[in-house]
Amino acid sequence: MTVGSVPTKRGAFLPFSPPTIGEEEIGEVVDTLRSSWITTGPKTKRFESDFAAYLQTPGALALSSCTAALHTALTTLGIGPGDEVITTPMTFTASVNVIEHCGARPVLVDVEPDTLNLDAGAVAAALTPRTRAILPVHYAGHPVELDALHALAAQRCAIVEDAAHALPARYRGRPIGAGGNPVAFSFYATKNLTTAEGGMLTADPEFLARARVVSLHGMSRDAWKRYDKGGSWYYEVLLPGFKYNMTDIQAALGLWQLRKLEQFQRRRREVVTQYHRAFAAEPALELPVTRPTVEHAWHLYVLRLRLEALTIDRDRFIQELTARNIGTSVHFIPIHLHPYYRDKYGFTPQSFPVAYGNYRRMLSLPLNPRLTDGDVGDVIEAVLDVVRSFRA
């Protein structure tokens, strides 16, 4: 780029991932606010039922976040001090924080170079008699190799899936969350389905019955069962549980978001197709992959730079896109680089070379149902303009 030149940019800044909320969701929330019940009640129960039916799973428990779902699952499994949980460094900190909250030790292992998902071979090498669970993350919406992980876990430990990115992904034709093991979903504002904040835990009914108690103060019955017509005021505390319940206000959003999910996903796939076509022939860019055994949820479109083909690094690339009014993000700063985990466990950047090497060259492009074809064209032109301007 010529010194002093100004990059071509769109007129208004394009946010990275705004929510897609319609009048139906707003109307449902207003209906809830005008009702006699705004916390956990009939709409939350309906959302749980509709969600379970959508995923063809035996049951679902609506909670305040995916973090809450993961923590509830680990606690319900009885995981605590002296136990180990194997997970990935390529995730948001919540996936690992919940292991610490239980008093257990997170055991990080490296990821696959293509999908950036947990590497089953590395998991096998990390198993010990203290391993109580494997916690895989379906990175960016691409399912992990569940068959391999279930084979490793058989008869020795549990699998708790972090599916924050994975609605409505499928593995070998089956929806993520359709099995009997615990699976945690996120409905944060940026997710494929949002309730602003919120999450869901799926599992077999017996597990969920215990998890429901854990998730609401350890009480034997919730407020709706106590205060609705015919309910009883009496309850017992069975264990020191958490305050992780979802409200009917959140569930009101979720009921309509679930109905619109297939429509949202069609648009996400259309955007991905446009990105793929535009970037496939550019040698400075590495595109995300989709293995033939999965249906990708496309929560994120993670572009990886081939830095040897450019004169700038990832951070400068993002700055150049910002100058062109394109919002981006990075998913994620690997866990072992954060001071708490680095210092407690003595990690160095090269402790997990695949995760670290990919982190240094990745950025996430806008991907949401609100994008118009014009928006997508602006993103494509901005990315290619930066590549052209800084080609090595």
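Just so you know, these numbers come straight off a predicted model, no measurement behind them.

Structural notes on the side chain of Asn-358
Mapping Asn-358 onto the fold places it in helix 12 (residues 353-359). You can call Asn-358 buried: its relative accessible area is 6%. For Asn-358, the contacting residues outside a window of four places in its chain are Pro-113, Leu-116 and Arg-304.

Concerning the packing of aromatic side chains
A full pass over the atoms with the stated rule returns 14 aromatic pairs. For the pair Tyr-345 and Phe-347, a centre-to-centre distance of 5.9 Å together with 35° between the ring planes defines the contact as tilted. Take Tyr-345 and Phe-347: they sit in the same class, and that class is buried. Taken together, Tyr-340, Tyr-341, Tyr-345, Phe-347 and Phe-352 form an aromatic cluster joined through their ring pairs. Sitting over the face of the ring of Tyr-359, Arg-314 holds its NZ or CZ atom 4.8 Å from the ring centroid.

Structural notes on the confidence of the model for the chain
Low pLDDT marks stretches whose predicted atomic positions should not be read closely. Taken over all residues, the pLDDT of the chain has a mean of 95, while the share at 70 or more is 96%. Confidence, read as mean pLDDT per element, is least for helix 8 (residues 223-227) in the chain (54) and greatest for strand 2 (residues 84-87) (99).

Remarks on helix 10 (residues 314-323)
For helix 10, every residue scored as buried is listed here: Arg-314, Phe-317, Ile-318, Glu-320 and Leu-321. Down the axis of helix 10, the buried side of the element spans an arc of 160°, and every buried residue falls inside it. If you follow the buried residues of helix 10, they end up packed against strand 13 (301-305), helix 12, strand 14 (362-365) and helix 13 (373-389). Its side-chain oxygen placed 3.3 Å from the backbone nitrogen of Asp-315, Asp-313 serves as the N-cap of helix 10. A positive backbone phi angle near 65° is found at Asn-325, which sits one or two residues after helix 10.

Some words on helix 2 (residues 42-55)
Over its 14 residues, helix 2 extends 20 Å from the first C-alpha to the last, a length consistent with the 20 Å expected when each residue adds 1.5 Å. All of the buried residues along helix 2 are Lys-43, Thr-44, Lys-45, Phe-47, Glu-48, Phe-51, Ala-52 and Leu-55. Of the residues trailing helix 2, Gln-56 is marked for its positive phi of about 55°.

Overview of the sheet that holds strand 13
The sheet built from three strands is open, its strands ordered 11-13-14 with antiparallel pairing. A strand with exactly one partner marks an edge of an open sheet, and here the two such strands are strand 11 (285-286) and strand 14. This element, helix 9 (residues 248-279), spans strand 11, strand 13 and strand 14 of the sheet and lies at about 15° to strand 13. Packing of helix 10 onto the sheet brings it into contact with strand 13 and strand 14, and relative to strand 14 it is tilted by some 25°.

Definitions and cut-offs
- Residues numbered from 1 in each chain as written.
- Predicted model: local features only at pLDDT ≥ 70, side-chain atom pairs only at ≥ 80, totals over all residues.
- Heavy atoms only, no water.
- Helix = DSSP H or I, 4+ residues; strand = E, 2+ residues; numbered from the N terminus.
- Buried < 20%, exposed > 50% of the residue type's maximum accessible area, 1.4 Å probe, protein only.
- Contact = heavy atoms within 4.5 Å.
- Phe/Tyr/Trp six-rings, centres within 6.5 Å; stacked < 30°, edge-to-face > 60°.
- Lys NZ or Arg CZ within 6 Å of the ring centre and 35° of its normal.
- pLDDT = per-residue confidence, 0-100.
- Arc of directions from axis to C-beta.
- Polar contact = N/O pair within 3.5 Å; in protein donor to acceptor, adjacent residues only side chain to side chain.
- Expected span 1.5 Å × (residues − 1).
- Pairing = 2+ DSSP bridges.
- Axes fitted to C-alpha atoms, helices over the stretch in contact; angles between N-to-C directions.

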